[in-house]
Amino acid sequence: MTASHALTGEEPEHLTKAARCQTRVDPLAGLRTPGDPPWDVYLTGTVFLDIIFTGLDSAPVRGTESWARGMGSSPGGVANMATALARLGLRTSLAAAFGDDHYGEYCWDALAQGEGIDLSASRTVPGWHSPVTVSMAYEGERTMVSHGHEPPPEAALLQEGAPDRPPRARAAVASLTPGTRAPWIAQAAREGTRIFADVGWDDTGAWDLSGLADLEHCEAFLPNAEEAKRYTGTDCPRLAAHALTEYVPVAVVTLGSEGAYAVDRRTGEAAEVPAIAVEALDPTGAGDVFVAGFVTGSLAGWPLADRLAFAGLTAALSVQEFGGSLSAPGWSEIGAWWRRVQSLAGQDPAALERYAFLEGLVPEELDRPWPLRRAVPTIGFRRSG
């Protein structure tokens, strides 16, 4: 037993009976047929070990020691997205490289055993140390420090999208890199996989959409407001969304505290949904959770506004918890939030109307309260549990 575990009395959630038996909802249940792909979503990228310090009264000050009242650990990086998708009931397959150190072993077990994520396309790379990010959360923000060794060729190939022939899936989530093609994206699109893409900050400063060559294979592109404005040369994120539909059928632009705006070129539909006002503890992973929510609604065939509302809701629930993959909500949390909205209908009729589509989805019996305070995993438990 680790010292932190002894002090808190918490058992890591991915090893508890509660985690294994939590309420499951299949949002695609009515659409499944025997000939479907084996996976709902495929994704690839780098898995980090995230170590999160919480309960800091202020930012660390140079030359002093800060004492954190809480600490947790969880798989991070691409694992944030994979976990968010799996907790929403999608059959998720992840191709990633894992170090053969204790950190890599911990991340593998947390994802495969704890979240039910398929890792048959992933590999453990001998002699490679797992990348690590330390996150310090305070005042609703976080500061991060990361460390990693140069990956060997086999790890680099996995992080860039190997295997050459990705597994059959209804959808894939891709993170586009300016000036670089990922061959697996075109391959997956040719086989009928629907590609949903986000993008990171363009460190080159070019902000050239032609540099996002794989955008031509994507069904949806989900940048934030600043990224969308820079790529389109507009000063309005909503105008930017319309401009982006010249390159991709569906453009979704997140607007921070204002919510999100989306346009579907194929139907001519546009939708805007305001953000849900919450007390944000830690925004880590909220963007990944938003994308996971939008993918879930898209695969389920929901109207554009419902997809946008669901994505915003899942992201809002996530920022009320610490950590990246730790904070991704499942259907118990979504259901508990919805029951609370129903109980307060007179105070928030707009939310009752906007999220009425949840009524036929959330479980009638909930196994967890909301707001949720998850048990925070700590490193040091052996595979034997």
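Thresholds applied
Residues numbered from 1 in each chain as written. Predicted model: local features only at pLDDT ≥ 70, side-chain atom pairs only at ≥ 80, totals over all residues. Heavy atoms only, no water. Helix = DSSP H or I, 4+ residues; strand = E, 2+ residues; numbered from the N terminus. Buried < 20%, exposed > 50% of the residue type's maximum accessible area, 1.4 Å probe, protein only. Contact = heavy atoms within 4.5 Å. Areas by Shrake-Rupley, 256 points an atom, 1.4 Å probe, with all protein chains shown as cover. Pairing = 2+ DSSP bridges. Axes fitted to C-alpha atoms, helices over the stretch in contact; angles between N-to-C directions. Salt bridge = Lys/Arg side-chain N within 4 Å of Asp/Glu carboxyl O. Left-handed = near helix turned anticlockwise from the far one by under 90°. Nonpolar A, V, L, I, M, F, W, Y, C, P; charged D, E, K, R; others polar. Parallel < 35°, antiparallel > 145°, perpendicular 65-115°, else oblique.

Looking at an unreviewed UniProt entry, one finds the chain named PfkB family carbohydrate kinase, with Streptomyces camelliae as its source organism.

Trainee: Any chance you could explain the overall build of the chain here in plain terms?
Mentor: Helix and strand content of the chain: twelve helices and 14 strands. Here the chain holds 385 residues, and the buried ones make up 53% of them. In the chain, the share of contacts with a sequence separation of at least 24, taken over all contacts with a separation of at least 6, comes to 69%. Of the roughly 17,400 Å² of accessible surface on the chain, 52% is carried by carbon and sulfur atoms.

Trainee: Got a minute to help me understand the pairing of strand β9 (residues 169-176) in this structure?
Mentor: The side chains of a regular strand alternate, residue by residue, between the two faces of the sheet. The buried fraction of β9 amounts to seven of the eight residues, a majority that puts the element mostly inside the structure. Pairing of β9 with strand β10 (residues 194-199) involves six bridges; the strand directions are parallel. Counterpart to A174 in the pairing with β10 is A197.

Trainee: What's the story with the side chain of S93 in this structure? I'm lost.
Mentor: Along the chain, S93 falls in strand β4 (residues 92-95). Once you skip the residues sitting within four places of it in the chain, S93 turns out to touch W39, V41, Y42, L43, D118 and P167.

Trainee: Looking at this structure, how should I read the environment of V134?
Mentor: Within the secondary structure, V134 is located in strand β7 (residues 132-138). Separated by 84 residues in sequence, V134 and D50 place their C-alpha atoms 5.9 Å apart. Not counting residues up to four positions away in its chain, the partners in contact with V134 are I51, F53, T143, M144 and V145.

Trainee: Would you take a moment to explain the sheet that holds strand β2 (residues 47-54) for this structure?
Mentor: Paired through backbone hydrogen bonds, the strands of a sheet run either parallel or antiparallel to each other. Spatially, the four strands line up as an open sheet ordered β3-β2-β7-β8, and their pairing is mixed. Edge positions in the sheet fall to β3 (70-77) and β8 (141-147), since each of these pairs with one other strand and no more. Strand-to-strand twist of the sheet, defined as the mean angle between neighbouring strand axes without regard to direction, takes the value 20°. The strands that helix α3 (residues 78-87) touches are β2 and β3; relative to β3, the one it contacts most, it runs at about 90°.

Trainee: It is not clear to me how the pattern of salt bridges should be interpreted in this structure. Could you clarify?
Mentor: Side chains that differ in sign of charge can pair as their charged atoms come close. Scanning all chains against the criterion turns up 17 salt bridges. The closest approach of N and O atoms between R87 and E115, which form a salt bridge, is 2.7 Å. Of this pair, R87 sits in helix α3 while E115 is found in helix α4 (residues 102-115), placing the two residues 28 residues apart along the sequence. For the pair R87 and E115, a shared accessibility class is recorded, and that class is buried. One network of salt bridges, with partners in common, ties together D26, R32, D36, D40 and R170.

Trainee: What is the right way to read the packing of helix α9 (residues 286-300) against helix α10 (residues 304-318) from this model?
Mentor: The description of two helices packed together rests on the angle between their axes and the distance between the axes. Running from amino to carboxyl end, α9 crosses α10 at an angle of 150°, the nearest separation of the two axes being 7 Å. As for the relative orientation of α9 and α10, their crossing is right-handed in sense. Where α9 abuts α10, its residues A286, V289, F290, G293, F294, T296, G297 and S298 lie against L304, R307, L308, F310, A311, G312, T314, A315 and S318. Across the contact of α9 with α10, the residue classes tally to nine nonpolar, seven polar and one charged.

Trainee: What am I meant to see in the pairing of strand β14 (residues 269-273) here?
Mentor: Relative to β14, strand β13 (residues 260-264) runs antiparallel, the two being bridged by five bridges. By the bridge assignment, A262 is partnered in β14 with A271. Between the antiparallel neighbours β13 and β14 lie four residues, among them G268 with a positive phi of about 75°.

Trainee: Even after reading the chapter, I still don't get the packing of helix α7 (residues 225-232) against helix α8 (residues 237-244), so can you show me in this structure?
Mentor: At their nearest, the axes of α7 and α8 sit 9 Å apart, and the two run at 60° to each other. Between α7 and α8, the angle falls in the class oblique. The two elements α7 and α8 cross, and the hand of that crossing is left-handed. Taking contact as the criterion, the partners of A225, A228, K229 and T232 in α7 are, on α8, P237, A240, A243 and L244. Residue composition of the contact of α7 with α8, by class: six nonpolar, one polar and one charged.

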